[in-house]
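# Coordinate analysis (summary)
Each chain is listed here by its residues.
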There are 2 protein chains.
Amino acid sequence: MEKQSVTIYTVAREARVSMATVSRVVNGNPNVKPATRQKVMDVIKRLNYRPNAVARGLASKKTTTVGVIIPRITNPYFADLALGIDDIASMYKYNIILTNSDNDDEKVLKVVRNLLAKQVDGIIFMGYSMPDELRDELKSSNTPVVVAGSVINDDELATVRIDYENAAKEATLKLLDNAKDHVAFVTGPLKYVINSNDRLSGYKAALAERHVDFDDQLVVETDGTYQSSYDQAKKLVEAGVKAAYVSNDNLAVGLLNGLTDNGVKVPDDFEIISSNDTTYTKISRPTISSITQPLYDIGAIAMRLLTKLMDGNDSTTDEQDVILDHGFAQRQSTR
Amino acid sequence: MEKQSVTIYTVAREARVSMATVSRVVNGNPNVKPATRQKVMDVIKRLNYRPNAVARGLASKKTTTVGVIIPRITNPYFADLALGIDDIASMYKYNIILTNSDNDDEKVLKVVRNLLAKQVDGIIFMGYSMPDELRDELKSSNTPVVVAGSVINDDELATVRIDYENAAKEATLKLLDNAKDHVAFVTGPLKYVINSNDRLSGYKAALAERHVDFDDQLVVETDGTYQSSYDQAKKLVEAGVKAAYVSNDNLAVGLLNGLTDNGVKVPDDFEIISSNDTTYTKISRPTISSITQPLYDIGAIAMRLLTKLMDGNDSTTDEQDVILDHGFAQRQSTR
DNA sequence: CCCAAAATGGCAAACGTTTTCAACAAAAAA
DNA sequence: TTTTTTGTTGAAAACGTTTGCCATTTTGGG
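The following paragraphs examine the structure supplied in this document.

What counts, and where the lines are drawn
- Residues numbered from 1 in each chain as written.
- Chains lettered and ligands numbered in written order.
- Predicted model: local features only at pLDDT ≥ 70, side-chain atom pairs only at ≥ 80, totals over all residues.
- Heavy atoms only, no water.
- Contact = heavy atoms within 4.5 Å.
- Salt bridge = Lys/Arg side-chain N within 4 Å of Asp/Glu carboxyl O.
- Helix = DSSP H or I, 4+ residues; strand = E, 2+ residues; numbered from the N terminus.
- Pairing = 2+ DSSP bridges.
- Axes fitted to C-alpha atoms, helices over the stretch in contact; angles between N-to-C directions.
- Buried < 20%, exposed > 50% of the residue type's maximum accessible area, 1.4 Å probe, protein only.
- Least-squares fit on C-alpha atoms with pLDDT ≥ 70 in both.
- Arc of directions from axis to C-beta.
- Core = buried A, V, L, I, M, F, W, Y, C linked by side-chain atoms within 4.5 Å.
- Parallel < 35°, antiparallel > 145°, perpendicular 65-115°, else oblique.
- Nonpolar A, V, L, I, M, F, W, Y, C, P; charged D, E, K, R; others polar.
- Phe/Tyr/Trp six-rings, centres within 6.5 Å; stacked < 30°, edge-to-face > 60°.
- Expected span 1.5 Å × (residues − 1).
- Polar contact = N/O pair within 3.5 Å; in protein donor to acceptor, adjacent residues only side chain to side chain.

### Examining the interface of chain B and chain A
- Each partner contributes to the interface: chain B provides 52 residues, whereas chain A provides 52 residues.
- Our count for the chain B to chain A interface comes out at 4 salt bridges.
- For Arg-50 of chain B, the salt bridge identified is with Glu-137 of chain A, shortest N-O distance 2.4 Å.
- Only α4 (53-60), α5 (76-91), β2 (95-100), α6 (105-117), α10 (226-238), α11 (249-261) and α12 (279-283) of chain B provide two or more residues apiece to the side of chain B that touches chain A.
- No other element matches the 7 residues that α5 of chain B contributes to the side of chain B that touches chain A.

Right, dumping it as structure tokens:
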């Protein structure tokens, strides 16, 4: 790769000013006389000068780049979040280094080390758990971190999310009130705190409120894939289950299609409420009722919060935990 | 932001060697005596030294970062491609700067300028068209570019894709052969060459082969969204259309649901073949027959090709245009 | 007109690496 | 032994910015 042809030095020479002045012009520093500024800008345009962001990063210790960890880019839930993140990031002139973690602790650690080596100004973490080692690394690196759309085993990190517990409770209550007694909780891996803690608690709270005994046979743990819940459909029906609150849309669609393909009518014989309100819930037939989350906003707000933190508003006092409102979309999978 | 505490210099001092030697150790340069190497590695571990990638980028003129332009991260088609890209990228130790272009020429230009300023080693472009200005910029920047999963108005750029024209032709033939005479082509914006050139040509070729006259009333242009084709469903049926080849899965699902919601039976009264074989085609009911594309592979191969180009294998002679095989998945939307 | 204060701009030292070149040492060949 | 060759290492110059500090100019009040 050949040397960059036109540098700040070239411009300085052509404009008969110093590099410092060019730098000031480029960065909008006010301490430069309008005439000089114009002169420099003309040269910049003429030479088509483009500042080298790497050199700038080294000198200024700011890369205007943030790292984004996403479990899987093809997961619509996280993709929606990522869209919000990206929009706000580009609004604030930040770039996004995006990497899939595949929910693999090993990989996540590697990825973050990489991001830190690249001197990102901040990190947005999406995912279901954060290895201790990673947490330590992040803390000692002193890089601002915001957790978006997920709950992890750490309460010191800034987080943007909804109240998963309450949302789960409300959904479960709705199913219980539709005169169903056998309401199951179909969930992704329980090793993720968002499932095992937040959602399960909400589910239990709803049962308690309606004086229904908790039956752990009704908590159906899956690996979170479409296929896994599709396969569970038949068993659930045979077990007499009449409704299910489902922890993610993949699972909900799988369950729905599994039921339909087995001749079970939704919502007549079985009701479903899902959790994430992604496109899946709208394109399935019947459509799936769901807790609604402002996905885009969660991403957007997380990114905005991150910019604050990166600007040094450490604001340890400020609320670091933003809980957005959720809602409910009544669709065809519930009566 | 405070100064980096432990640098290559610190390590060098502690290990009583020069920076050069530390650099060699870190980069696996073989010209270091094993004993020295060990000594340096010990210090690195003890001090927990992490090389600064920005400084490295400045000195070596390689950032091990590639820019990826994606129309919209939430579009499953491109998300699948992106997954392949990311996997291979991380295999080759590259990071991905991912940005949504929203298919907006202005924005794309801005984004690419940004990427170039950040000194990315290469760019993967996904999208439906490339503004002339952008093309010029890319060429003069001398940065390797690979176009993935799309066709654009330029034949000099390396591209990885399938044969959209033939795929469209085969799909249309299938529909024609199922004894339908009124086969429509429901497409996204015709200003995109992949639609107006490749797919439309394929559609026409199929008609010609079956001696069916081309009727431009049967080419239904939409804005590419779910809703747009959903809204077209009724009109199509009223116009006597019996089947449709659809240019993307969003549209196909929209059309399908529009038909179903209007009481039209698929596939009995209307057959559909879609183009991209994303999840949508599998979770809809009925499921949608589709051309199949190795989406992940397209992304993966594009990235691999890019690494070649970045390694300087300019190989102007080599095939710069990789055409992968496509297939067909028979599902419930066709007989 | 003079002088202090404000505005402007230049110098040069960072920033943390890689890399070229030369030096030196050790091993091999003569 | 002497000369080559090969293998290891270090010194220091890039890489292209930003920025602190100082010098010079402008400005405006008296």
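Once the structure has been displayed, the description carries forward.
### Description of the sheet that holds strand β10 (residues 289-292) of chain A
All names here are of chain A.
- One open sheet holds the 6 strands; their spatial order is β7-β6-β8-β9-β10-β12, and the pairing between them is mixed. On the outer flanks of this sheet lie β7 (219-221) and β12 (327-329), each paired with one strand and no other. Between one strand and the next, the sheet's axes are offset by a mean angle of 20°, whatever the strand orientation.
- Sheet topology note: the β10/β12 ladder contains 3 bridges and is antiparallel. Among the inter-strand pairings, Thr-292 is bridged to a residue of β12, identified as Gly-327.

### A closer look at the pairing of strand β11 (residues 321-324) of chain B
Residue and element names in this part refer to chain B.
- Burial of β11 is one-sided: the residues Val-322 and Leu-324 facing one way are buried, the residues Asp-321 and Ile-323 facing the other way are not.
- Pairing of strand β5 (residues 158-162) with β11 involves 4 bridges; the strand directions are parallel. Its bridge partner lying in β11, Thr-159 is registered against Asp-321.

### Some thoughts on the sheet that holds strand β8 (residues 243-246) of chain B
Residues and elements named next belong to chain B.
- In space, the 6 strands of this open sheet follow the order β7-β6-β8-β9-β10-β12, with mixed pairing throughout. Looking along the sheet, the strands with just one partner apiece sit at the ends: β7 (219-221) and β12 (327-329). For this sheet, the mean inter-axis angle between neighbouring strands, taken without regard to orientation, is 20°.
- Where α11 meets the sheet, its contacts fall on β6 (183-187), β8, β9 (271-274) and β10 (289-292), and the angle it forms with β9 comes to roughly 165°.

### Some thoughts on the pattern of salt bridges
Residue and element names in this part refer to chain A.
- Under the counting rule described, the total for this entry stands at 32 salt bridges over all chains.
- In this structure, Glu-137 and Arg-113 form a salt bridge, with 3.1 Å as the shortest nitrogen-oxygen distance. Placement of the pair is Glu-137 in helix α7 (residues 132-141) and Arg-113 in helix α6 (residues 105-117), with a sequence separation of 24 residues.
- The class for Arg-113 is partly exposed, based on a relative accessible area of 28%.
- Across the pair Glu-156 and Lys-139 runs a salt bridge whose closest N-O atoms are separated by 3.7 Å.

### Overview of the relation of the copies chain B and chain A
- Note on the identical chains: chain B maps onto chain A by a rotation of 180° and an axial translation of 0.0 Å, with an RMSD of 0.1 Å. One copy is carried onto the other by what is essentially a two-fold rotation axis. Taking C-alpha positions as the reference, the residue of chain B nearest the rotation axis is Ile-97 of chain B, at 2.2 Å.

### Some details on α7 of chain A
All names here are of chain A.
- Considered for burial, the residues of α7 that qualify are Leu-134, Arg-135, Glu-137 and Leu-138. Viewed along the axis of α7, the buried residues span an arc of 165°, placing them on a single side of the element.
- Against the buried residues of α7 lie α6, β3 (122-125) and β4 (145-148).
- Residue Asn-142 follows α7 closely and has a positive phi angle near 70°.

### Remarks on the nonpolar core
- Counting 156 residues, the largest nonpolar core has Leu-255, Phe-270 and Met-303 of chain A together with Leu-255, Phe-270 and Met-303 of chain B as the members making the most contacts within it.
- Within the second largest apolar cluster, 36 residues are counted, among which are Leu-115, Leu-116 and Leu-134 of chain A together with Val-145 of chain B.

### What to know about the packing of helix α1 (residues 8-15) of chain B against helix α2 (residues 19-26) of chain B
Residue and element names in this part refer to chain B.
- Running from N to C, α1 and α2 cross one another at 105°; their axes reach a closest spacing of 8 Å. Our classification of the angle between α1 and α2 gives roughly perpendicular. For the pair formed by α1 and α2, the contact residues are Ile-8, Tyr-9, Val-11 and Ala-12 on the first element and Met-19, Val-22 and Ser-23 on the second.
- Along the lines of polarity and charge, the residues of the contact of α1 with α2 split into 6 nonpolar, 1 polar and no charged.

### Some details on the environment of Lys-204 of chain B
All names here are of chain B.
- Among the structural elements, Lys-204 can be located in helix α9 (residues 193-209).
- What makes Lys-204 partly exposed here is its relative accessible area of 37%.
- For the pair formed by Lys-204 and Phe-214, sequence separation is 10 residues and the distance between their alpha carbons is 6.8 Å.

### Points about the packing of aromatic side chains
Residues and elements named next belong to chain A.
- Under the counting rule described, the total for this entry stands at 15 aromatic pairs over all chains.
- Plain terms: the ring middles of Tyr-203 and Phe-214 are 6.3 Å apart, the flat faces sit at 75° to each other, and that makes the pair edge-to-face. Of this pair, Tyr-203 sits in helix α9 (residues 193-209) while Phe-214 is found in the loop between α9 and β7, placing the two residues 11 residues apart along the sequence.
- Tyr-203 gets classed as buried once you look at its relative accessible area, which sits at 1%.
- Their ring planes at 25° and their centres at 6.0 Å tell us that Tyr-226 and Tyr-230 sit as a pair that is stacked. Taken together, the positions of Tyr-226 and Tyr-230, both in helix α10 (residues 226-238) and 4 residues apart, correspond to about one turn of that helix.

### A closer look at the environment of Val-25 of chain B
Residues and elements named next belong to chain B.
- Inspection of the secondary structure puts Val-25 in helix α2.
- A C-alpha to C-alpha distance of 38 Å links Val-25 and Met-126, two positions 101 residues apart in sequence.
- Ignoring anything within four residues of it in the chain, the contact list for Val-25 reads Val-32, Arg-37, Val-40 and Met-41.

### Some remarks on helix α11 (residues 249-261) of chain A
All names here are of chain A.
- For α11, which comprises 13 residues, the first-to-last C-alpha distance of 18 Å matches the rise-based estimate of 18 Å (1.5 Å per residue) to within 8%.
- Within α11 the residues assigned to the buried category are Asp-249, Leu-251, Ala-252, Val-253, Gly-254, Leu-255, Leu-256, Asn-257, Gly-258 and Leu-259.
- Looking at where α11 begins, the residue whose side-chain oxygen comes 2.9 Å from the main-chain nitrogen of Asn-250 is Asn-248.
- Trailing α11 by a residue or two, Gly-263 shows a phi angle of about 80°, which is positive.

### A look at the packing of helix α2 (residues 19-26) of chain A against helix α3 (residues 34-47) of chain A
All names here are of chain A.
- Put simply, α2 and α3 touch, their axes get as near as 10 Å, and they point 85° apart. In terms of their interaxial angle, α2 and α3 are classed as roughly perpendicular. Contact residues: α2 offers Thr-21, Val-22, Val-25 and Val-26, while α3 offers Thr-36, Arg-37, Val-40, Met-41 and Ile-44.
- Classifying every residue of the contact of α2 with α3 by side-chain character gives 6 nonpolar, 2 polar and 1 charged.

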